[in-house]
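# Commentary on secondary and tertiary structure
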Amino acid sequence: PQTDYAFMLEILEHIPNSEEFLLEIYKKVQKGVFFSVPNTGFIVYRLRMLFGKTPMQWRLHPAEHVRFWTITDMKFWLNGLGFKGKYTIHTYKGTPFLRKLFPNMFAPAMVIQIHR
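## Some details on the overall build of the protein chain
- What the protein chain contains, in helices and strands, is five helices and four strands.
- In sequence order, the secondary structure elements of the protein chain are arranged as β-α-β-α-α-β-α-α-β.
- A globule of 116 residues ought to have a C-alpha radius of gyration of about 13 Å, and the protein chain, at 15 Å, matches this closely.
- Dimensions along the principal axes, computed over C-alpha positions, put the protein chain at roughly 45 × 30 × 20 Å.
- Counting only residues that meet the buried cut, the protein chain has 36% of its 116 residues in that class.
- In the protein chain, once contacts between residues fewer than 6 apart in sequence are set aside, the share between residues at least 24 apart is 68%.

Set out below in structure tokens:
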């Protein structure tokens, strides 16, 4: 390992092989990795899809994002990569009270901390 922590904020959703990238970064840290991604399960994004639009998780063009996760998908993905029991998911943005009660629906974004 070459560093204590790695931070990848709003990056993995833009990379086709996010698994390989995350695993390579994880090999290089002593204490952990932090990364953030949008939560595609956010109610506003769901409503856009209901009306035939892509989730508004981009700035210039929908093709900016090649990967999409809900909070449930993220747990499945991280467990599949071998991180079961080694991560914490924090949500941010959105209405604080609703975000705490129903994060899948009311948290537009998440930060994941993978512990060593």
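## Quick look at the environment of I25
- Checked against the element boundaries, I25 lands in helix 1 (residues 18–27).
- Considered as a pair, I25 and M8 are 17 residues apart in the sequence and their alpha carbons are 9.5 Å apart.
- Beyond its immediate chain neighbours, meaning those up to four positions away, I25 contacts A6, M8 and V33.

## Section: the sheet that holds strand 3 (residues 87–92)
- With mixed pairing, the four strands of this open sheet are ordered in space as 1-2-4-3. The open sheet is flanked by strand 1 (3–9) and strand 3, the only strands paired with a single partner. Neighbouring strand axes in the sheet, compared pairwise and without regard to direction, differ in orientation by 15° on average.
- Two strands pair when backbone bridges link them, and strand 2 (residues 29–38) and strand 4 (residues 109–115) are joined in this way by seven bridges, in the antiparallel orientation. Paired with F34 across the bridge in strand 4 is Q113.
- Along the sheet, helix 1 contacts strand 1, strand 2 and strand 4; its crossing angle with strand 2, the most-contacted strand, is approximately 150°.

## Thoughts on the pattern of salt bridges
- Under the definition given, this model contains two salt bridges.
- Note that R67 and E19 form a salt bridge whose closest N and O atoms lie 2.8 Å from each other. One end of the pair, R67, is in the loop between helix 2 (43–50) and helix 3 (71–80); the other, E19, is in helix 1, with 48 residues separating them in the sequence.
- Judged by its relative accessible area of 17%, R67 is buried.
- For K27, the salt bridge identified is with E24, shortest N-O distance 2.9 Å. In this pair, K27 and E24 both sit in helix 1, three residues apart, roughly one turn of the helix.
- K27 gets classed as exposed once you look at its relative accessible area, which sits at 53%.

Here is what the cut-offs are and how they apply
Residues numbered from 1 in each chain as written. Predicted model: local features only at pLDDT ≥ 70, side-chain atom pairs only at ≥ 80, totals over all residues. Heavy atoms only, no water. Helix = DSSP H or I, 4+ residues; strand = E, 2+ residues; numbered from the N terminus. Rg over C-alpha atoms; globule rule 2.2 N^0.38 Å. Buried < 20%, exposed > 50% of the residue type's maximum accessible area, 1.4 Å probe, protein only. Contact = heavy atoms within 4.5 Å. Pairing = 2+ DSSP bridges. Axes fitted to C-alpha atoms, helices over the stretch in contact; angles between N-to-C directions. Salt bridge = Lys/Arg side-chain N within 4 Å of Asp/Glu carboxyl O.

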